[in-house]
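Chain and residue survey
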Amino acid sequence: MRVLLVGAGGVGTAVTRIAARRPFFDLMVVADYDLARAEAAVTAVGDDRFRAERVDAGDEAAVAALLARHGCDVLFNATDPRFVMPLFRAARKTGASYLDMAMSLSRPHPERPYEECGVKLGDEQFALAGEWEKAGALALVGMGVEPGLSDVFARYAADELFDEIEEVGIRDGANLTVDGYDFAPSFSIWTTIEECLNPPVVYERGRGWFTTAPFSEPEVFDFPDGIGPVECVNVEHEEVLLVPRWVDARRVTFKYGLGREFIETLKTLHLLGLDRTAPVTVAGADGPVAVSPRDVVAASLPDPATLGERMRGKTCAGTWVRGVKDGKPREVYLYHVVDNEWSMAEYGCQAVVWQTALNPVVALELLATGAWSGSGVLGPEAFPARPFLDLLTEYGSPWGLREQ
């Protein structure tokens, strides 16, 4: 397997450190707009299977040329969701397989944003599914931790734990703190703003997909391994768009443990228009400059990948499922916890980016060995869960199951 990894930020760098310990690939080209960042990621692993290149993820032709030049058969997208479609198209153009951790962006319904879906997450990619399937090519979408491992958990629950499923609910929480900062997100603030301030999507059998207001339906969920109770709220996320395509469930939700202070900060950014992506004109030293307010917010905050030494605590990603097994009600929480102290000591990566990076590497290995195969635009639920969960444990990061 020859892989083009586009994006050498926190997650991309963590990918290289995880993959370097595994033998399943022959080459991984690490490409970034900032060549120095790609070179740093490659130098750190000290493995001649890795090479650094510069590429603009938004330049479809340049990405396609890079894939062809290195003979890569997989494009691994580790950029933010703005670049999904040019990378997705570049992979299709060259015949490479494609893998991402976040799907094409949504657009709210123009008149009823908190009731009806407009363009949903992944709609642009699924619109091209027939083209991928006809070519016998695979696009594995939403294969991070959430979405990704959470979707694998949903498939595992459907296959092995339940006869009927009432609800699949992704529940994400943490007790992470960052020394020295009052506000320092542990993941990309650009992506966090996108998913938290867009209308959340809920799925119900018979009704299909519909939206609610941001931060709706708050509930307190008790997370395992000492994290404890965290208030979770509805957030737009890919699982709600993916799970119902392959798992039969009456209802699918995603709730994120943001915390009251974080929610109020996001609301303030929205109130001030600082969540907007459309450029505004501001005065610069050499005249007017067009800048995106959201990009300014991201540039003003610390890079999440650099916070590991200051972070304390654990992060938990998981899937809560309730339904019926052997005629009796059953309720479980399948989860994966990463302790920041461990991930920093073992990989030099903070917990959230390491947990995100781990799962697509596991998926790549399953594709390389043939344990997973398929064609079209497929989510993690389209593949058998057991091989993934077994390999995840082999990677030294076991998952858990709690009867509720």
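Cut-offs used in this document
Residues numbered from 1 in each chain as written. Predicted model: local features only at pLDDT ≥ 70, side-chain atom pairs only at ≥ 80, totals over all residues. Heavy atoms only, no water. Salt bridge = Lys/Arg side-chain N within 4 Å of Asp/Glu carboxyl O. Helix = DSSP H or I, 4+ residues; strand = E, 2+ residues; numbered from the N terminus. Buried < 20%, exposed > 50% of the residue type's maximum accessible area, 1.4 Å probe, protein only. Axes fitted to C-alpha atoms, helices over the stretch in contact; angles between N-to-C directions. Parallel < 35°, antiparallel > 145°, perpendicular 65-115°, else oblique. Contact = heavy atoms within 4.5 Å. Nonpolar A, V, L, I, M, F, W, Y, C, P; charged D, E, K, R; others polar. Phe/Tyr/Trp six-rings, centres within 6.5 Å; stacked < 30°, edge-to-face > 60°. Lys NZ or Arg CZ within 6 Å of the ring centre and 35° of its normal.

Further remarks concern the pattern of salt bridges. Applying the stated rule across the entire model yields 32 salt bridges. Of the charged contacts, one joins Glu60 and Lys93 as a salt bridge, the two residues approaching to 3.4 Å between their closest N and O atoms. Taken as a pair, Glu60 in helix α3 (residues 60–70) and Lys93 in helix α4 (residues 84–94) lie far apart in primary sequence, 33 residues in all. The salt bridge involving Lys255 is made with Glu217; its shortest N-O contact spans 3.9 Å. Of the two residues, Lys255 sits in strand β13 (residues 249–256) while Glu217 sits in the loop between β10 (208–211) and β11 (219–223), which places them 38 residues apart along the sequence. The exposure class of Glu217 is partly exposed, given its relative accessible area of 36%. Shared partners join several salt bridges into a network, and the residues in it are Glu167, Arg171, Glu204, Glu217, Glu219, Arg251, Lys255 and Arg322.

At a minimum axis distance of 9 Å, the contact between helix α8 (residues 189–197) and helix α11 (residues 293–300) shows a crossing angle of 130 degrees. It follows that α8 is oblique to α11 by the angle criterion. Residues Ile189, Trp190, Ile193 and Glu194 of α8 touch α11, and the partners they reach there are Arg294, Asp295, Val297 and Ala298. When grouped by side-chain class, the residues that make up the contact of α8 with α11 number 5 nonpolar, no polar and 3 charged.

Time to look at the environment of Gly273. You can see Gly273 is positioned in the loop between α10 (260–271) and β14 (280–284). Separated by 78 residues in sequence, Gly273 and Ala351 have C-alpha atoms that sit 31 Å apart.

Let us now look at the packing of aromatic side chains. The full count for this structure, using the stated rule, is 18 aromatic pairs. Pairing Phe88 with Tyr98 gives two aromatic rings, centres 5.3 Å apart and planes at 90 degrees, and the pair type is edge-to-face. Here Phe88, found in helix α4, pairs with Tyr98, found in strand β5 (residues 97–100); they are 10 residues apart in sequence, far enough to count as distant. Classification of Tyr98 by relative accessible area gives buried; the value is 1%. Following the ring pairs from residue to residue traces out a cluster consisting of Phe221, Phe223, Tyr333 and Tyr335. Lying over the aromatic face of Phe25, Arg49 brings its terminal NZ or CZ to 4.0 Å of the ring centre. The ring of Phe126 is capped by Arg245, whose NZ or CZ atom sits 3.7 Å from the centre of that ring.

By themselves these figures say nothing about function.
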